[in-house]
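Residues per chain, in single letters:
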Amino acid sequence: MEKQKSTRARVIKHTGSHYLVSNLPEWSVTQCTVRGKLRLKGVRTTNPIAVGDFVDYDIQEDGSGIITRIHPRTNYIIRKSTNLSREAHIIAANIDLALIIVTLDLPQTPLAFIDRFLVTCEAYRVPVKIILNKSDLYKENPESVNSFKELYNSAGYDVIEVSCVSGENIERLKYECKDKLTLLSGISGVGKSTLINTLDSTLNLRTKEISEYHLQGKHTTTYYEIHPLKTGGFVIDTPGIRGFGLIEMKPEELSHYFPEMLKVLDNCRFAPCTHTHEPGCAVKMAVDSGEISADRYISYLGMLEEEGKYR
Ligand SMILES: Nc1nc2c(ncn2[C@@H]2O[C@H](COP(=O)(O)OP(=O)(O)OP(=O)(O)O)[C@@H](O)[C@H]2O)c(=O)[nH]1
Ligand SMILES: [Mg+2]
Ligand SMILES: [Zn+2]
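How each quantity is defined
- Residues numbered from 1 in each chain as written.
- Chains lettered and ligands numbered in written order.
- Predicted model: local features only at pLDDT ≥ 70, side-chain atom pairs only at ≥ 80, totals over all residues.
- Helix = DSSP H or I, 4+ residues; strand = E, 2+ residues; numbered from the N terminus.
- Rg over C-alpha atoms; globule rule 2.2 N^0.38 Å.
- Buried ≥ 20, exposed ≤ 12 C-beta atoms within 10 Å, placed from the backbone.
- Contact = placed C-beta atoms within 7 Å.
- Domains from an automatic or database assignment.
- Core = buried A, V, L, I, M, F, W, Y, C linked by C-beta atoms within 7 Å.
- Near = placed C-beta within 6 Å.
- Nonpolar A, V, L, I, M, F, W, Y, C, P; charged D, E, K, R; others polar.
- Arc of directions from axis to C-beta.
- Pairing = 2+ DSSP bridges.
- Expected span 1.5 Å × (residues − 1).

What follows is about the overall build of the protein. Each helix and strand counted, the protein has seven helices and 13 strands in total. Its C-alpha radius of gyration of 21 Å places the protein within 12% of the 19 Å reference for a compact globule of 311 residues. C-alpha atoms of the protein, sized along the principal axes, occupy 70 × 45 × 35 Å. Considering the protein as a whole, with its 311 residues, one finds that 35% of them fall into the buried category. For the protein, long-range pairs separated by at least 24 residues make up 64% of all intrachain contacts whose partners lie at least 6 apart in sequence.

Take a look at the structure:
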């Protein structure tokens, strides 16, 4: 029998038992399963194949495919699958841009969550922007918006205020997503799915009010899935994350993933410096002078401590 030629495509959706793949930017979807224990060498993950992965598959007689190979990743976003577990979960692979969707209220996104996500993006070289959603709700309270923007702008990050209600900066966001594969991530209820529906009104993703009682999202999105935008580009909708545990960060490397610390740490008297107790530490001096925000430094210390616990 003639040997089948395998086809290369990208994973656009992962459900429990199967994967949907398409040769992006083409949109012709094939359902696939995996043969045996296929996984890339290296980190052990709960999901050996992630959305955004390039794979090869063989077509079966019934039209479905069998994934036979995963191509090496250019980048990925990875986290501990639960806070207690040592196992890793890959949120998405081979992405051009990560957007962390955050809200100041209803629900409130913890700074520790934002900073862990940003550190992971730096460590795996994923360009990242912060999207402050539900800006319509904060118009009465411009100080909190300004101090949030100042906090992250001074660390070196873009913060884009958007609203699915007023339409603020939606056109700008469409432009940012053009010709790219863009990941939307964040805690439950910040409006990831609503935002995608707003970027392209032909999409009709499931969304839900946040709980009035807990003031938290209801974990409405349950799958990782790529959607095409009619204005160009693709976005990945993801389930809300509860906690973002760091994976494989060496304590002495951690400060390299804080852009504002990276700028000054060559001036520390000791190398490596953990920027905690060492005399002549340039990072601590920058915190004292206000050049580096105390909030970010506190996040840094929290991550150092957490990493230490599991060693
Ligand atoms: N006021 C206001 N509400 C918004 C905005 N964007 C989203 N929402 C509301 O926020 C709630 C949660 O939205 P979802 O899109 O389901 O949130 P999600 O981030 O996808 O949540 P999960 O799928 O659970 O992770 C819904 O009631 C939306 O209508 C906004 O810009 N302004
Ligand atoms: Mg959702
Ligand atoms: Zn130092």
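For the rest of this paragraph, the subject is the domain arrangement of the protein. One can read the domain layout of the protein as domain 1 (7–70), domain 2 (76–237) and domain 3 (254–309). At the junction of the two partners, domain 2 supplies 11 residues and domain 3 supplies nine residues. The set of elements that each furnish at least two residues to the side of domain 2 that touches domain 3 consists of helix H1 (111–123) and helix H2 (142–155). For the side of domain 2 that touches domain 3, the leading source of residues is H1, giving seven residues.

With that out of the way, let us pick up the nonpolar core. Core analysis: the biggest nonpolar cluster contains 71 residues, and Val 21, Ile 77, Ala 92, Ile 100 and Leu 183 have the highest contact counts within it. The residues touching Ala 92, leaving out its near neighbours within four places in the chain, are Ala 50, Val 51, Gly 52, Tyr 76, Ile 77, Leu 183, Tyr 224 and Ile 236.

Now for the site of ligand 1. Around ligand 1 sit 26 residues in total, of which Gly 191, Thr 194, Thr 207, Thr 221 and Gly 240 are the nearest. The residue inventory of the shell around ligand 1, partitioned by class, reads six nonpolar, 14 polar and six charged.

Further remarks concern unusual backbone geometry. Excluding glycine, most residues fall at negative phi; most peptide bonds, likewise, are trans. Here Leu 106 and Pro 107 are connected by a cis peptide whose omega angle stands at -5°. Secondary-structure assignment places Pro 107 in the loop between strand S8 (97–102) and H1. Of note, the bond from Ala 271 into Pro 272 is cis; its omega dihedral lies within 30 degrees of zero at -5°. Tracing the backbone through its elements, the reader meets Pro 272 in the loop between helix H5 (259–262) and helix H6 (282–289). Positive phi values are uncommon outside glycine, yet Lys 134 reaches one of about 65°. Among the secondary structure elements, Lys 134 is positioned in the loop between strand S9 (128–132) and H2. Since 24 C-beta atoms lie within 10 Å of it, Lys 134 is described here as buried.

What follows deals with the environment of Thr 74. Checked against the element boundaries, Thr 74 lands in the loop between strand S5 (65–70) and strand S6 (76–80). C-alpha separation for the pair Thr 74 and Val 34, spaced 40 residues apart in sequence, amounts to 22 Å.

With that settled, consider helix H4 (residues 192–199). Among the residues making up H4, those that are buried are Lys 192, Ser 193, Leu 195, Ile 196 and Leu 199. Taken around the axis of H4, the buried residues stretch over an arc of 160°, which confines them to a single face. In this structure, the buried side of H4 is in contact with S8, helix H3 (170–177), strand S11 (181–185), strand S12 (224–228) and strand S13 (234–237).

All right, on to the pairing of S11 then. Most of S11 sits inside the fold, with five of its five residues counted as buried. Bridge analysis of S8 against S11 gives four bridges, and the strand direction is parallel. When the sheet's bridge partners are listed, Leu 99 is paired in S11 with Leu 184.

Another point: the environment of Cys 32. On the secondary structure map, Cys 32 appears in strand S3 (residues 30–34). With 23 C-beta atoms packed within 10 Å, Cys 32 lands in the buried category. Taking the C-alpha atoms as reference points, Cys 32 and Ser 163, 131 residues apart in sequence, are found 37 Å from one another. The contact partners of Cys 32, leaving out residues within four places of it in the chain, are His 18, Tyr 19, Val 21, Tyr 57, Ser 64, Gly 65, Ile 66 and Ile 67.

With that settled, the discussion passes to H1. With 13 residues, H1 should reach 18 Å at 1.5 Å per residue; the first-to-last C-alpha distance of 18 Å fits that figure. Positioned one or two residues after H1, Arg 125 has a phi angle of 55°, which is positive.

Glancing now at the pairing of strand S4 (residues 54–59). As paired strands, strand S1 (residues 7–14) and S4 are joined by four bridges and run antiparallel to one another. In the strand pairing of S4, Thr 7 is matched with Tyr 57. Bridge analysis of S4 against S5 gives five bridges, and the strand direction is antiparallel. Pairing of Asp 58 across the sheet is with Ile 66, part of S5. Counting the residues between successive antiparallel strands, the hairpin from S4 to S5 contains five residues, one of them, Gly 63, with a positive phi of roughly 95°.

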